[in-house]
Amino acid sequence: MATITCRGERQWRVQVRRKGHKPVYRTFDTYADAKKWADELEGRISGETYIDRSEAKATKLRELLTRYQDEITPSKKGADRERYRIWQWLREEMADWSVLSVLPKDIAEWRRKQEAAGKAPSTVNNAINLLSSVYRTAISEWGYPISNPCQGVRRVKANAAREAHLTEAEEAILLEACARPAWLRPLVTLAIETGMRQGELLSLRWASISEDHAYLPTTKNGEARRVPLSQRARDTLADWKEAQGGGDAPFQIVRKTVDMGFKAAVATATANGAPRVTFHDLRHVAATRLAQRLTPLELARVLGHKTMTMVLRYYNPKAAELAAKIDGRSNGTGLLEEFRSVVERMQAAGVDPRAILDAILAGQEQEPRQKS
C-alpha cells in the first residue's frame, strides 16, 4: 500500500509497502507526480500494468474529431461529405464530453433519437461508422488508452434497395426540365447513358475521353475504370464540347451546384408527370437499361462493382418487363432482341453486319440439299 505525506512546502514523500517486498521510498515536488509513481510501482509489484488515463480524461471528444478532420479526412475521396458528418458530430452535446465518458449506451441512445427524427438508415449508420473510425484511430495511432464506444452498437437496418425507373416519355420530361443551366442536360444525359456517379462525371477531363470510352483514374472503390460510351453519349459530349467552347473539363462545377440545379429540375419535371428521382437514381436507371444488353459480368465492369450483390442493387427491372421478356423468348421476340444486340456490337466494332449476313445466307443457298 502506498502512503504519501507532505514534508515541506514542495516535498511529497511516497512510501510503498507490500507484503513480501522491501519498503520503497521516493520524494517528489508535486502530489500528482508522487501519486502517478506510486500507482505505477504498485501495478508492477502486483503484476498489473498501470495505465495512465489522465490525458484521455482531460480530452474532449471534439478534440479528437477536429484532429481527425485535420489529419485523416483530407486524404479521403469523400472528404467533403466526411467533413460535413464531423461538423454534425461537433454540434452534438457529447462533443464536449470527455472521450472516456462516451459509452455504448450513449451511442445507442443517439441512434434511437435519429431514428425517431426520421433520418435515413444510411445517414445514421455512416455517422456512427465515422465516430468509430475516429476512436479506432485515437487508440491505434494516437495512443489513447480508451475503448471504442461504437463497437458492438447495433446499426440501423438498411432500407430495401431503391427502385428507379424512367420511361422514354418520363426521361424526355426530365431532360426538358434540365434545359437550364446549360450544363445540366448533358450531365443528366451522360448519367443515364453511362451509369457514372455524379463525382465521376464531375472529375472527367477532356484528355481522358477517347472515341469509345471515358477513363476514370480514380473511382469510389479505389480502382481505375474505363467506361464505354454509347453513340448517344458520344454525341452528347461532342455537342457539349462545341457549345462549351474550351476548358480542361466537360463540367467545371461543384457538387453543391449540381444538387441545387437538379433538385429544381426534378421539381419541374414532377409537376409535369415525371416521377421524383435523385441524381443517384439515374445510375439505377442506366444499370437496368444496360442489363438488357450486357451480361452480369459486363454490367459489373461498366458500373465498377466487384460483387454481384452490388450489381443487383442497381439492376431494378419491373416484374412486367421480366414477364414480357420470358414470353418474348417463346414467340421469337427475345431472339430478335439478341440479334439486335449482336448487330449493335458489330457496328460498334466497325464491322458491317450486312456483309456477314449476306455471306451466311449465300453459304446456306450453296449447300447441297439432302436427298429425300
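Residues numbered from 1 in each chain as written. Predicted model: local features only at pLDDT ≥ 70, side-chain atom pairs only at ≥ 80, totals over all residues. Heavy atoms only, no water.

Quick word on the overall build of the chain
Rules: Counting from the N terminus, the helices are the DSSP runs of H or I reaching at least four residues and the strands are the DSSP runs of E reaching at least two. When accessible area is computed with a 1.4 Å probe and restricted to protein chains, residues below 20% of their type maximum are described as buried, those above 50% as exposed, and intermediate ones as partly exposed. Contacts between residues were defined by any pair of non-hydrogen atoms, one from each residue, lying within 4.5 Å. The method behind every accessible area is Shrake-Rupley, applied with a 1.4 Å probe, and residues are considered shielded solely by the protein chains displayed.
Looking only at helices and strands, one finds 17 helices and 5 strands in the chain. Going through the 372 residues of the chain one by one, you find that 37% of them count as buried. Excluding contacts between residues fewer than 6 apart, the proportion of contacts in the chain whose partners are at least 24 apart in sequence is 58%. Carbon and sulfur atoms make up 51% of the accessible area of the chain, which totals about 23300 Å².

Section: the nonpolar core
As a rule of thumb, nonpolar side chains are buried together in soluble globular proteins. Put simply, the rule is: Definition of nonpolar core: a set of buried residues of the types Ala, Val, Leu, Ile, Met, Phe, Trp, Tyr and Cys, connected through side-chain atoms within 4.5 Å.
Ranked by internal contacts, the top residues of the largest apolar core, which has 38 residues, are Leu-174, Val-188, Phe-262, Phe-279 and Leu-282. Of the residues forming this core, the biggest block, 6 residues, is contributed by helix 8 (residues 184–194). In this structure Leu-174 touches Leu-166, Val-188, Phe-262, Val-266, Ala-269, Val-277 and Leu-282, once residues within four positions along its chain are discounted. One finds Ala-108, Ala-138, Tyr-144 and Cys-150 within the second-largest nonpolar core, a separate group that totals 29 residues.

Some remarks on the sheet that holds strand 2 (residues 12–16)
Defined as follows: Any two strands with at least two DSSP-identified bridges between them are counted as paired. Helix axes are fitted only over the stretch in contact, all axes being lines through C-alpha atoms; the angle between N-to-C directions runs from 0 to 180 degrees.
Overall, antiparallel pairing links the 3 strands, which are arranged 1-2-3 in an open sheet. Each of the sheet's edge strands pairs with one partner strand only, and the pair in question is strand 1 (2–6) and strand 3 (24–28). On average, each strand axis in the sheet is inclined to that of its neighbour by 20°, with strand direction left out of account. Where strand 2 meets strand 3, 5 bridges bridge the pair, whose relative direction is antiparallel. Within strand 3, the position partnered with Arg-13 by the bridge is Thr-27.

A few points about helix 13 (residues 296–303)
Threshold: Throughout, the arc means that of the directions going from the helix axis to the C-beta atoms.
If you check which residues of helix 13 are buried, you get Leu-299, Ala-300, Val-302 and Leu-303. Here the buried residues of helix 13 occupy an arc of 165° about the axis, which is enough to place them on one side. Exposed positions of helix 13 whose direction lies more than 90 degrees from the buried face are Leu-297 and Arg-301. Residues of helix 13 that are buried sit in contact with helix 8, strand 5 (225–228), helix 12 (281–290) and helix 14 (308–314). Two residues or fewer past helix 13, Gly-304 is found with a positive phi of approximately 85°.

Section: the environment of Ala-300
Inspection of the secondary structure assignment puts Ala-300 in helix 13. Taking relative accessible area as the criterion, Ala-300 reaches 7% and is therefore assigned buried. In sequence terms Ala-300 and Ala-287 are 13 residues apart; their C-alpha atoms lie 9.3 Å from each other.

Notes on the packing of aromatic side chains
The condition that has to hold: Aromatic pairing here means that ring centres of Phe, Tyr or Trp (its six-membered ring) are within 6.5 Å. Orientation follows from the plane angle: under 30 degrees is stacked, over 60 is edge-to-face, and everything else is tilted.
One pass over the structure, following the stated rule, counts 6 aromatic pairs. Ring geometry for Phe-28 and Trp-37: centres 5.7 Å apart, planes at 45°, overall tilted. Per residue, the accessibility class of Phe-28 equals that of Trp-37, and both read buried.

A few points about the environment of Val-351
Along the chain, Val-351 turns up in the loop between helix 16 (333–348) and helix 17 (353–366). Every residue in contact with Val-351, bar those within four places of it in the chain, is listed here: Met-346 and Ile-356.

What to know about the environment of Leu-130
Mapped onto the elements of the fold, Leu-130 is located in helix 6 (residues 121–140). With a relative accessible area of 6%, Leu-130 lands in the buried category. For Leu-130 and Glu-82, which are 48 residues apart along the polypeptide, the C-alpha to C-alpha distance reads 7.8 Å. When neighbours within four sequence positions are excluded, Leu-130 is seen to be in contact with Tyr-68, Glu-82, Arg-85, Ile-86 and Trp-89.

A short note on the packing of helix 8 against helix 11 (residues 255–271)
To be explicit about the condition: An angle counts as roughly parallel when it lies under 35 degrees, as roughly antiparallel when it exceeds 145, as roughly perpendicular when it falls between 65 and 115, and as oblique in every other case. Asp, Glu, Lys and Arg are counted as charged, while Ala, Val, Leu, Ile, Met, Phe, Trp, Tyr, Cys and Pro are counted as nonpolar; the rest, among them Gly, fall into the polar class.
With their axes 11 Å apart at the nearest point, helix 8 and helix 11 run at an angle of 85° to one another. Between helix 8 and helix 11, the interaxial angle falls into the category roughly perpendicular. In this structure, helix 8 uses Leu-184, Leu-187 and Val-188 to contact helix 11, whose residues at the interface are Val-258, Gly-261, Phe-262 and Ala-265. When its residues are assigned to classes, the contact of helix 8 with helix 11 shows 6 nonpolar, 1 polar and no charged.

A look at unusual backbone geometry
Of note, the amide linkage connecting Arg-180 to Pro-181 takes the cis form, showing an omega dihedral of -5°. Structurally, Pro-181 can be placed in the loop between helix 7 (168–177) and helix 8.

A closer look at the pairing of strand 2
With 5 bridges joining them, strand 1 and strand 2 adopt antiparallel strand pairing. For Thr-5, the partnering residue across the bridge sits in strand 2 and is Arg-13.

Details of a nonpolar patch on the surface
Applied cut-off: Exposure above 30% relative accessible area and the absence of a salt bridge qualify a residue for a patch, where like charges join within 9 Å and nonpolar side chains (Val, Leu, Ile, Met, Phe, Trp, Tyr) within 5 Å. Salt bridge criterion: a side-chain nitrogen from Lys or Arg within 4 Å of a carboxyl oxygen from Asp or Glu.
On the surface, a cluster of nonpolar side chains totalling about 230 Å² of accessible area is made up of Val-351, Ile-356 and Ile-360. The residue Ile-356 is located in helix 17 in this model.

Comments concerning the confidence of the model for the chain
Atom-level detail of predicted coordinates should not be read off regions where pLDDT is low. Formally: pLDDT expresses how confident the predictor is about each individual residue, on a scale running from 0 to 100.
Of all residues in the chain, 88% have pLDDT values of 70 or greater, and the mean over the chain is 85. Overall, residues 365–372 carries pLDDT values under 50, and its contacts beyond four positions in sequence, including any with other chains, amount to 0 contacts.

Looking at the pattern of salt bridges
Tallied over the entire structure, the rule returns 13 salt bridges. When the shortest N-O distance is used, the salt bridge between Glu-176 and Arg-185 registers 4.0 Å. According to the relative accessible area criterion, Glu-176 is exposed, its value standing at 56%. Judged by relative accessible area, Arg-185 falls into the partly exposed class, the value being 33%.

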